[in-house]
Amino acid sequence: MNVALGGTFDPVHDGHRKLFERAFELGDVTVGLTSDELAPKTRHVERYVRPYDRRKRDLEAELSVLADEHDREFEVRELTDPTGIAVEPEFDALIVSPETRGGGEQINEIRRERGHDPLELVVVDHVPAEDGERISSTRIVAGEIDEHGNLTPDRDGRGATRPE
Ligand SMILES: Nc1ncnc2c1ncn2[C@@H]1O[C@H](COP(=O)(O)OP(=O)(O)OP(=O)(O)O)[C@@H](O)[C@H]1O
Ligand SMILES: CC(C)(COP(=O)(O)O)[C@@H](O)C(=O)NCCC(=O)NCCS
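As the structure is a computational prediction, the values presented were derived from the model and not from experiment.

### Points about the packing of helix α1 (residues 14–26) against helix α2 (residues 52–69)
Part 1: In the contact formed by α1 and α2, the axes pass within 10 Å of each other and the chain directions differ by 40 degrees. When the axis of α1 is compared with that of α2, the two are oblique. Here α1 and α2 pass one another in a crossing that is right-handed. Here Arg 17, Phe 20, Glu 21 and Phe 24 of α1 lie close against α2, whose contacting residues are Leu 59, Glu 62, Leu 63, Leu 66, Ala 67 and Glu 69.
Part 2: Looking at the contact of α1 with α2 residue by residue, the class counts come to six nonpolar, no polar and four charged.

### A closer look at the pairing of strand β4 (residues 93–96)
Part 1: By the alternation rule, side chains of β4 split into Ala 93 and Ile 95 and Leu 94 and Val 96, which are all buried.
Part 2: Relative to β4, strand β1 (residues 2–7) runs parallel, the two sharing two bridges. Counted as the bridge partner of Ala 4 is Leu 94 from β4.
Part 3: Relative to strand β5 (residues 120–123), β4 runs parallel, the two sharing four bridges. Note that in β5 the partner of Val 96 across the bridge is Val 123.
Part 4: With helix α3 (residues 101–113) bridging β4 and the parallel β5, this β-α-β connection has right-handed handedness.

### Some points on the site of ligand 2
Part 1: Neighbouring ligand 2 are 16 residues, the closest being Gly 7, Thr 8, Thr 42, Arg 43 and Pro 82.
Part 2: The separation between an oxygen atom of ligand 2 and a polar side-chain atom of Thr 8 is 2.9 Å.
Part 3: Across the shell around ligand 2, the residue classes tally to seven nonpolar, eight polar and one charged.

### Observations regarding the packing of aromatic side chains
Part 1: Enumeration according to the criterion identifies one aromatic pair in this entry.
Part 2: Considering the side-chain rings of Phe 9 and Phe 20, the 5.3 Å spacing of their centres and the 50 degrees angle between planes classify their relative orientation as tilted. Of the two residues, Phe 9 is situated in the loop between β1 and α1 and Phe 20 in helix α1; the sequence distance between them amounts to eleven residues.

### Brief notes about the UniProt feature "domain: Cytidyltransferase-like" (unreviewed entry) in the chain
Part 1: The feature "domain: Cytidyltransferase-like" (unreviewed entry), as given by UniProt, occupies residues 5–141 in the numbering adopted here.
Part 2: Helix makes up 36% of residues 5–141 and strand 18%. Its end C-alpha atoms lie 22 Å apart.

### Looking at the nonpolar core
Part 1: Among the nonpolar cores identified, the biggest contains 20 residues, and Leu 5, Phe 9, Phe 20, Val 31, Leu 59 and Ile 95 are the most heavily contacted of them.
Part 2: The element that contributes the greatest number of residues to this core is α2, accounting for five residues.
Part 3: Apart from residues lying up to four places away in sequence, Leu 59 is in contact with Phe 9, Val 12, Phe 20, Val 31, Leu 33 and Val 76.
Part 4: One finds Ile 85, Val 96, Ile 107 and Leu 119 within the second-largest nonpolar core, a separate group that totals twelve residues.

### Some thoughts on the side chain of Arg 139
Part 1: By secondary structure assignment, the location of Arg 139 is in helix α4 (residues 137–141).
Part 2: The class for Arg 139 is buried, based on a relative accessible area of 10%.
Part 3: Setting aside chain neighbours within four positions, we find Arg 139 in contact with Ala 129, Asp 131, Glu 133, Arg 134, Glu 144, Ile 145 and Leu 151.

### Remarks on the site of ligand 1
Part 1: In the neighbourhood of ligand 1, 22 residues make up the surrounding shell, with Arg 43, Ser 97, Arg 134, Ser 137 and Thr 138 lying closest.
Part 2: Here an oxygen atom of ligand 1 and a side-chain polar atom of Arg 47 are 2.8 Å apart.
Part 3: Side-chain polar atom of Thr 138 to an oxygen atom of ligand 1: 2.8 Å apart, as the coordinates give it.
Part 4: Protein chains bury 95% of the 600 Å² of accessible surface belonging to ligand 1 in isolation.
Part 5: In terms of residue count, the dominant contributor to the shell around ligand 1 is α1 (three residues).
Part 6: In the shell around ligand 1, the residues fall into four nonpolar, 13 polar and five charged.

Calculation rules
Residues numbered from 1 in each chain as written. Chains lettered and ligands numbered in written order. Predicted model: local features only at pLDDT ≥ 70, side-chain atom pairs only at ≥ 80, totals over all residues. Heavy atoms only, no water. Axes fitted to C-alpha atoms, helices over the stretch in contact; angles between N-to-C directions. Helix = DSSP H or I, 4+ residues; strand = E, 2+ residues; numbered from the N terminus. Parallel < 35°, antiparallel > 145°, perpendicular 65-115°, else oblique. Left-handed = near helix turned anticlockwise from the far one by under 90°. Contact = heavy atoms within 4.5 Å. Nonpolar A, V, L, I, M, F, W, Y, C, P; charged D, E, K, R; others polar. Buried < 20%, exposed > 50% of the residue type's maximum accessible area, 1.4 Å probe, protein only. Pairing = 2+ DSSP bridges. Right-handed = clockwise from strand over helix to strand, strands pointing away. Near = heavy atom within 4 Å. Polar contact = N/O pair within 3.5 Å; in protein donor to acceptor, adjacent residues only side chain to side chain. Phe/Tyr/Trp six-rings, centres within 6.5 Å; stacked < 30°, edge-to-face > 60°. UniProt positions renumbered as here; feature names shortened; annotations may be inferred. Core = buried A, V, L, I, M, F, W, Y, C linked by side-chain atoms within 4.5 Å. Areas by Shrake-Rupley, 256 points an atom, 1.4 Å probe, with all protein chains shown as cover.

Here it is, written out as C-alpha cells:
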C-alpha cells in the first residue's frame, strides 16, 4: 500500500511521530513537506519557519529510523499545494489528524472528479501535551512545551532553541 501524509514539521514532535507510525504500519510512505512558500500560509500563528532543506534533513533522519523498524520504503517530496501529491492515482491512503481531515476530503473530491478511487483517510487523534492541549510545533517554538509535550520549567515565553 502507498501511504501519503503532509506537513511542515518544524520541528518534528510526538504528534507527528504518531502519524508516521500509523503510516508505516500500513505501507510505504511518501511525506509531502511544505515548501518555503506554502509553509507560512498554513500556520495558525504567523511565525518564522526553518528553510525547507533544514526541515527535510531533520524529517528524513526521523523517517529513516521508522522505515527500518517497519521494513518499509519512504521518500520526502516538496509540497507546493495543500491538495498536491496525495491526489496522484498511485496513493491508497492519507494520514490526517482531526484538524486536517478536511484537506483529505478535498483531495478525495478532486480524485473523484478525475475518476480515481478515493484515498482511505486514516484519522489519527491529536496527541495531547502534559496540560491536555495538543502538542504543536508552535507551542514548542514558543518555548511552552518540548517535542514530547512536557511543559518546560521556565515557561516565560522565550523561544525554544531549535537545531538550525
Ligand atoms: N498533537 C498532534 N497529534 C497528532 N497529529 C498532529 C498533532 N499536531 C499536528 N498534527 C498533524 O501533523 C500534520 C503536520 O502538521 P504541522 O506540521 O502543521 O504541525 P503542527 O504542530 O500543527 O504545527 P503548527 O503548530 O505550526 O501548526 C498535520 O496533519 C497535523 O494535523
Ligand atoms: C497542507 C498541509 C499538509 C500543510 O500542513 P501543516 O498543517 O503542517 O502546515 C495541511 O495543512 C493539510 O491541508 N493537510 C491535509 C491534506 C494533506 O495532507 N495534503 C498533503 C498530501 S501529501
